[in-house]
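Each chain, written out:
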Amino acid sequence: MFNDLGEQLGSILERLRGRGVLTSDDVAAAVRSLGDALLEADVAASLVDEILEKVSSRAVGKDLLESVTPGQQVAKIVHDVLVEALGGDDPDSLSRLRLDGKLPAIILMVGLQGVGKTTTSAKLAKFLQGGDRKVLLASLDVSRPAAREQLRVLGESADIKVVPEMDGEMPVDIARRAVQMGELGGYEVVVLDTAGRGQIDEALMQEMSSIHGAVSPSDTLLVVDSLSGQNAASMAREFATRVPLSGLVLTRVDGDSRGGAALSARHVSGVPIKFMGVGEGLDALESFQADRIASRILGMGDVAGLVEKAQTVAQERGDAEAKRKKPPGVFDMEDLAEQLRAMGKMGGFGGILGMLPGMGGMGKLKKRVGEAGLDDGRLERSVAIISSMTRGERSNPKIFNASRKRRVAAGSGSSIQEVNRLLKFHRQIADVMRKSGKHGLPSLEGAPGAAGMGGMPGMPFGMGGAGMPMGRPGGSRGVTKRRGSKRKK
């Protein structure tokens, strides 16, 4: 998300950072460029005017122009204005949902058809259930049986109870029955997935209004497709005038390179963005925090977000390892696969590096990742190779011979060379860990998909057993042992 906008803003601010002294003309030119970048990112014109006015008024003061680092101060001003436009410094989304009043808390999901509302409802239910809350799901879409079946399947895959169907029920009836089931079953949250339309019409608005009046939801969340640009703003405006919204959920954030929908929908609806969908999996839902998103746009990183992702992945890996019985200190191919999957869950190479400070704007980051040869496709193929191995081969890779390699290569759609490369990488990691007694991948150097690391050698591939990549950007030597650094006694 925000790749194009981040790249343009990064270039504008980079020019200012390189100047020792700024004039009023310098600031005015930067503000004009900022306005052009925002309009190209599909940000609503009224919001662009508001942002430019705030930046201009704060960036033309005498203290700024006489500052030792005026470029840095302009970057900070732009960051602060973006934070305000995205919703301010609110606490995390979980605490901003109204979950602590009368139980069960009722969350009504509304939006147009095709924006990912049903999947988002299941994602939110899983997100809340992960916070130790008992959650019930219900589909109110009586016009599309496929939608109800989709929610049932998603609920089963996430181990979340879904209200069973009954013939002849209308949406309001289903909503009331779901709330009653929630009360009788001791559920803390009931998530109601409503029907959508291809476009807003009076029948849809009346249905949403009737459901809202029947169950008095704790939260009403509008699901918005980030790829819809200015349409997202108009939809948010229409829904906000007919249903008392409490928040927005952005979908397909991982596919939106411009980011205008996020800024515009927040501006016209007047309600905060609470969550964003960052992928297809049911785990791919994140709390929306304006300060972190603004920092990512401007290349300032989001280390706190990276730590949270790492902690979640570490917990999942710990649960998985507890179920496996093997000798202590052994690092087999299944362990390697878990590390690779952990990288994928944390956003792959690009997603992780984008959360590290000092990596540049998001557009520039994409270019740097490509130049460094960090290929997430290879990372996925490596997991596929391991999945094509037998249990005995995964636990003891030494038994591999030419025929086994040919079978695994054919089964995973890869080449024998790729199989050999992965086996060699595993041997190197296993040797290092056997000598050091550690359990985690010490370096990206030589990793599948990390060929030609360029200016980022030694970035850790695993840290603390969590698969957490936390190398120092900008060509640091990472965690590898420095040669010739013995201190004189």
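Residues numbered from 1 in each chain as written. Predicted model: local features only at pLDDT ≥ 70, side-chain atom pairs only at ≥ 80, totals over all residues. Heavy atoms only, no water.

Participant: When you look at the overall build of the chain in this model, what are you seeing that I'm missing?
Facilitator: Helix and strand counts for the chain stand at 21 helices and 8 strands. For the chain, long-range pairs separated by at least 24 residues make up 70% of all intrachain contacts whose partners lie at least 6 apart in sequence. Of the roughly 22,800 Å² of accessible surface on the chain, 49% is carried by carbon and sulfur atoms. (Helix = DSSP H or I, 4+ residues; strand = E, 2+ residues; numbered from the N terminus. Contact = heavy atoms within 4.5 Å. Areas by Shrake-Rupley, 256 points an atom, 1.4 Å probe, with all protein chains shown as cover.)

Participant: Mind showing me how you'd approach the sheet that holds strand 8 (residues 285-287) here?
Facilitator: Strands belonging to one sheet form pairs held by backbone hydrogen bonds; the direction of such a pair is parallel or antiparallel. Within the open sheet, the 8 strands sit side by side as 3-2-4-1-5-6-7-8. Their pairing is mixed. Single-partner strands in this sheet number two, and they are strand 3 (161-162) and strand 8. Contacts from helix 11 (residues 230-242) reach strand 1 (105-110) and strand 5 (219-225) within the one sheet, and its direction differs from that of strand 5 by about 160 degrees. (Pairing = 2+ DSSP bridges. Axes fitted to C-alpha atoms, helices over the stretch in contact; angles between N-to-C directions.)

Participant: Which parts of the structure should I look at to understand the nonpolar core?
Facilitator: The nonpolar side chains of a soluble globular protein tend to be buried with one another. The biggest cluster of nonpolar side chains holds 97 residues, and the ones touching the most others in it are L9, I107, L124, L192, L222 and F239. The leading source of residues in this core is helix 5 (residues 70-86), at 9 residues. Apart from the residues within four sequence positions on either side, L192 is in contact with I106, I107, L108, M109, A138, L140, A175, A178 and V215. Listed in part, the 19 residues of the second largest apolar core include A337, L379, F400 and V408. (Core = buried A, V, L, I, M, F, W, Y, C linked by side-chain atoms within 4.5 Å. Buried < 20%, exposed > 50% of the residue type's maximum accessible area, 1.4 Å probe, protein only.)

Participant: Teacher, can you tell me more about the pattern of salt bridges here?
Facilitator: Inspection of the entire model under this criterion finds 19 salt bridges. A salt bridge links D141 to R144, with the nearest nitrogen and oxygen atoms 3.5 Å apart. For R144, a relative accessible area of 32% translates into the label partly exposed. R148 is the salt-bridge partner of E165, the closest N and O atoms lying 3.9 Å from each other. Remark: R148 occurs in helix 8 (residues 145-157) and E165 occurs in the loop between strand 3 and helix 9 (171-184); sequence separation between them is 17 residues. Classification of E165 by relative accessible area gives partly exposed; the value is 48%. Of the residues examined, R148 reaches a relative accessible area of 11% and is grouped as buried. In this structure, a network of salt bridges that share partners links the residues E50, K54, R58 and E84. (Salt bridge = Lys/Arg side-chain N within 4 Å of Asp/Glu carboxyl O.)

Participant: I keep staring at the packing of aromatic side chains and nothing clicks. Help me out?
Facilitator: How two aromatic rings sit relative to each other is given by the distance of their centres and the angle of their planes. Counted under the stated rule, the structure contains 1 aromatic pair. Relative to F275, the ring of F127 lies with its centre 5.1 Å away and its plane at 75 degrees, an arrangement referred to as edge-to-face. On the criterion of sequence distance, the pair formed by F127 in helix 7 (residues 117-129) and F275 in strand 7 (residues 273-277) is long-range, its members being 148 residues apart. Residue class for F127 comes out partly exposed when judged on its relative accessible area of 25%. The lysine or arginine in question, K134, covers the ring of Y187, its NZ or CZ lying 4.6 Å from the ring centre. (Phe/Tyr/Trp six-rings, centres within 6.5 Å; stacked < 30°, edge-to-face > 60°. Lys NZ or Arg CZ within 6 Å of the ring centre and 35° of its normal.)

Participant: Got a minute to help me understand the confidence of the model for the chain in this structure?
Facilitator: Regions with low pLDDT should not have their predicted coordinates read in detail. For the chain, per-residue confidence averages 75 on the pLDDT scale, and residues scoring 70 or more make up 68% of the total. Within the model, the stretch residues 357-362 combines pLDDT values under 50 with 24 contacts to residues more than four positions away or in other chains. Across residues 439-489 the pLDDT falls below 50, and counting only partners more than four positions away or on other chains, this stretch makes 120 contacts in the model. (pLDDT = per-residue confidence, 0-100.)

Participant: So what exactly am I meant to see when it comes to the environment of I211 here?
Facilitator: As for its placement among the helices and strands, I211 is situated in helix 10 (residues 202-215). Taking the C-alpha atoms as reference, I211 lies 9.3 Å from L140; in sequence the two are 71 residues apart. What I211 contacts, discounting residues up to four positions off in sequence, is L108, L140, P171, V172, A175 and T194.

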